[in-house]
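Close look at the chain arrangement
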Amino acid sequence: MRLYALCDQELLDKKALLLEDFIEIAKQKNAEILQYRNKNADIAFIKQQLIKIRKLYDGFLIVNDAYELIEFCDGVHVGQEDLRVIDKDIFTAVKILREVVGKDKIIGISTHNENEVLEANKMDLNYIGLGAYRDTTTKSDVSTVLGDKLDKIASLSKHYVAAIGGVQENDTFTHVTYHVIGSGLIR
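Cut-off values and rules
Residues numbered from 1 in each chain as written. Predicted model: local features only at pLDDT ≥ 70, side-chain atom pairs only at ≥ 80, totals over all residues. Heavy atoms only, no water. Pairing = 2+ DSSP bridges. Helix = DSSP H or I, 4+ residues; strand = E, 2+ residues; numbered from the N terminus. Axes fitted to C-alpha atoms, helices over the stretch in contact; angles between N-to-C directions. Contact = heavy atoms within 4.5 Å. Buried < 20%, exposed > 50% of the residue type's maximum accessible area, 1.4 Å probe, protein only. Disulfide = S-S within 2.5 Å. Polar contact = N/O pair within 3.5 Å; in protein donor to acceptor, adjacent residues only side chain to side chain.

Strand order around the closed barrel formed by eight strands is β1-β2-β3-β4-β5-β6-β7-β8, with parallel pairing between neighbours. Sheet twist, expressed as the average angle between the axes of neighbouring strands with direction ignored, equals 25 degrees. Across four bridges, strand β1 (residues 2-8) lies against strand β8 (residues 178-181) in parallel orientation. Looking at the pairing, Y4 lines up with V180 of β8. Sheet strands touched by helix α3 (residues 43-56): β2 (33-37) and β3 (60-64). Its angle to β2, the strand with the most contacts, is close to 160 degrees.

The subject of this paragraph is the pairing of β8. On a regular strand, each side chain points to the face opposite its neighbour's, so the side chains alternate between the two faces of the sheet. Both faces of β8 are covered, namely the face carrying Y178 and V180 and the face carrying H179 and I181. Sheet analysis places strand β7 (residues 160-164) next to β8, joined by two bridges and oriented parallel. Bridge assignment links A162 to a residue of β8, and that residue is Y178.

This paragraph deals with the state of the cysteines. In total, this model carries zero disulfides according to the counting rule given. Here C7 is not disulfide-linked; the sulfur of C73 is the nearest cysteine sulfur, at 13 Å. Its relative accessible area of 3% is what places C73 among the buried residues.

One can find Q9 in helix α1 (residues 9-15). Here Q49 takes part through its side chain, which lies 3.0 Å from a polar atom of the side chain of Q9.

On to unusual backbone geometry. Note the cis peptide between G131 and A132, where omega equals 25 degrees. Summarising the element assignment, A132 is placed in the loop between β6 (127-131) and α7 (149-154). A positive phi is found at N30, a non-glycine position, where the angle reads about 60 degrees. One can find N30 in the loop between α2 (19-28) and β2. Using a relative accessible area of 61% as the deciding quantity, one classes N30 as exposed. At D65, a position not held by glycine, the phi torsion is positive, near 70 degrees. Among the secondary structure elements, D65 is positioned in the loop between β3 and β4 (75-78).

Structure, rendered in structure tokens:
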């Protein structure tokens, strides 16, 4: 299993866990990628957190949504709705995003079904997040749980696939590159 650790500030706050503690857990579990997600803070706080993470973690650092902070990390992950904020056409949105972040940075987007994976195949991306694999208590807007269909849908992707949503360390997949685990790391 290749681990992609999802560090969600809201979850850290809810569990009274320090950012440093989460990073230490991710390092102990050999996380190759760490994504920092904070849906509620201002850009200055997110920047401060990225700088702190960079000092403590030397794997790939991805920021969720805040592509304007790309200089402080290795890449950005955006959801379907966030792409539409950039441009109502998601293909144009990814082109704009690639121009902003540059060729040497990582771009990942969330996908939820076969159609979105096939669309993503036509985009200049480095990976897709695919899910949700199972119900999760940490995200309230999960509308589709793919379950065992996730691996079959993942086989259609030309990009690396990161399984998202309720993924656990012991889950096994054939066509998934990364297990994205957040709250599961700190149970």
